[in-house]
Amino acid sequence: MAILVIGLVIFLGMHSFPHFRQQRQALIERIGEGPYKGLFSLVSLAGIALIAWGYSRAGYDHLWAGPEWARSLGPLFMLPACYAFIVAGAPSNLKRLTRNPLDWSILLWAAFHLLNNGDVKSLILFGSFSAYALFNMWSSNRRDQEEPQPVPWGREAIYIVIAVVMYGALLRFHQTLFGVAVI
């Protein structure tokens, strides 16, 4: 369990660092933007590797049984999570509704996995990501940002198709990748 927690601290800590604008800028000025991005990516990958390794090694300590309705509804919420994930780094009409599509994607993913996985390691993993997504939404909503411009619906349709393909792949390969059937 310690490896999982260390991985989360590294990954979420690294992703929280940009909220400290002055320290982030000072580091970029000292080492350069390219090396900063490289360091950010390397540390993040190390965190993800430790999270995956720690989660796979942690035992199962049961806390609760997820409600039956959540198991059925969870996959329905993953389609909008996939869509929000896809458009997070691109111009999208979803950004006219929320500044935080990636955070909404993470929150939907984490909340429904947390609801369905009532064990300690899942509480730590999905609870941490839920808390981080909420913090990130709160923090970014406090900053001034430009109003997003409308995106042609043809481009938006491409994002939707990509999200549906991603969703289908997750449904199809969830058991293979994570050892748990979706439904």
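Everything quoted here is computed from the prediction, not taken from an experiment.

## Some points on a nonpolar patch on the surface
Residues W69, L73, L76 and F77 make up a contiguous nonpolar surface patch of roughly 390 Å² in combined accessible area. Mapped onto the elements, F77 comes out in helix α4 (residues 68-87).

## Here's the deal with helix α6 (residues 120-141)
Turn by turn, an α-helix covers 3.6 residues, leaving residues three or four places apart pointing in a common direction. The terminal C-alpha atoms of α6, which comprises 22 residues, lie 31 Å apart, in line with the 32 Å expected from a rise of 1.5 Å per residue. In this fold, the buried residues of α6 make contact with α1 (2-16), α3 (33-57) and α5 (101-116).

## Brief notes about the confidence of the model for the chain
Considering every residue of the chain, the mean pLDDT works out to 92; 99% of them sit at 70 or more. Looking at the elements of the chain, mean pLDDT is at its lowest for α4, recorded as 89, and at its highest for α1, recorded as 97.

## A closer look at the nonpolar core
With 15 residues, the main nonpolar core has L8, L12, I51, L125 and F129 as its most contacted residues. Elements with a minimum of two residues in this core: α1, α5 and α6. Ranked by residues supplied to this core, first place goes to α6 with six residues. Here L8 is in contact with G13, I51, I124, L125, S128 and F129, once residues within four sequence places are set aside.

## Overview of the pattern of salt bridges
Evaluated as defined, the whole model comprises one salt bridge. Across the salt bridge formed by K37 and E33, the nearest N and O atoms sit 3.3 Å from each other. In this pair, K37 and E33 are both assigned in helix α3, four residues apart and thus about one turn of the helix distant.

## With respect to the packing of α4 against α5
Running from amino to carboxyl end, α4 crosses α5 at an angle of 160°, the nearest separation of the two axes being 8 Å. With respect to their mutual orientation, α4 and α5 come out roughly antiparallel. Helix-helix and strand crossings are classified by hand; for α4 and α5 the assignment is left-handed. Where α4 approaches α5, its residues W69, A70, R71, G74, F77, M78, P80, A81, A84, F85 and V87 are matched on the opposing element by P101, L102, S105, L108, W109, F112, H113, L115 and N116. Of the residues belonging to the contact of α4 with α5, the class tally is 15 nonpolar, four polar and one charged.

## A closer look at the side chain of S122
By the element assignment, S122 lies in helix α6. On the accessibility criterion, S122 (0% relative accessible area) is buried. Residue contacts for S122: discarding those within four places in its chain leaves Y55, L114, N117 and G127.

Parameters at a glance
- Residues numbered from 1 in each chain as written.
- Predicted model: local features only at pLDDT ≥ 70, side-chain atom pairs only at ≥ 80, totals over all residues.
- Heavy atoms only, no water.
- Patch = residues over 30% accessible without salt bridge, like charges linked within 9 Å, V, L, I, M, F, W, Y side chains within 5 Å.
- Areas by Shrake-Rupley, 256 points an atom, 1.4 Å probe, with all protein chains shown as cover.
- Salt bridge = Lys/Arg side-chain N within 4 Å of Asp/Glu carboxyl O.
- Helix = DSSP H or I, 4+ residues; strand = E, 2+ residues; numbered from the N terminus.
- Expected span 1.5 Å × (residues − 1).
- Contact = heavy atoms within 4.5 Å.
- pLDDT = per-residue confidence, 0-100.
- Core = buried A, V, L, I, M, F, W, Y, C linked by side-chain atoms within 4.5 Å.
- Buried < 20%, exposed > 50% of the residue type's maximum accessible area, 1.4 Å probe, protein only.
- Axes fitted to C-alpha atoms, helices over the stretch in contact; angles between N-to-C directions.
- Parallel < 35°, antiparallel > 145°, perpendicular 65-115°, else oblique.
- Left-handed = near helix turned anticlockwise from the far one by under 90°.
- Nonpolar A, V, L, I, M, F, W, Y, C, P; charged D, E, K, R; others polar.

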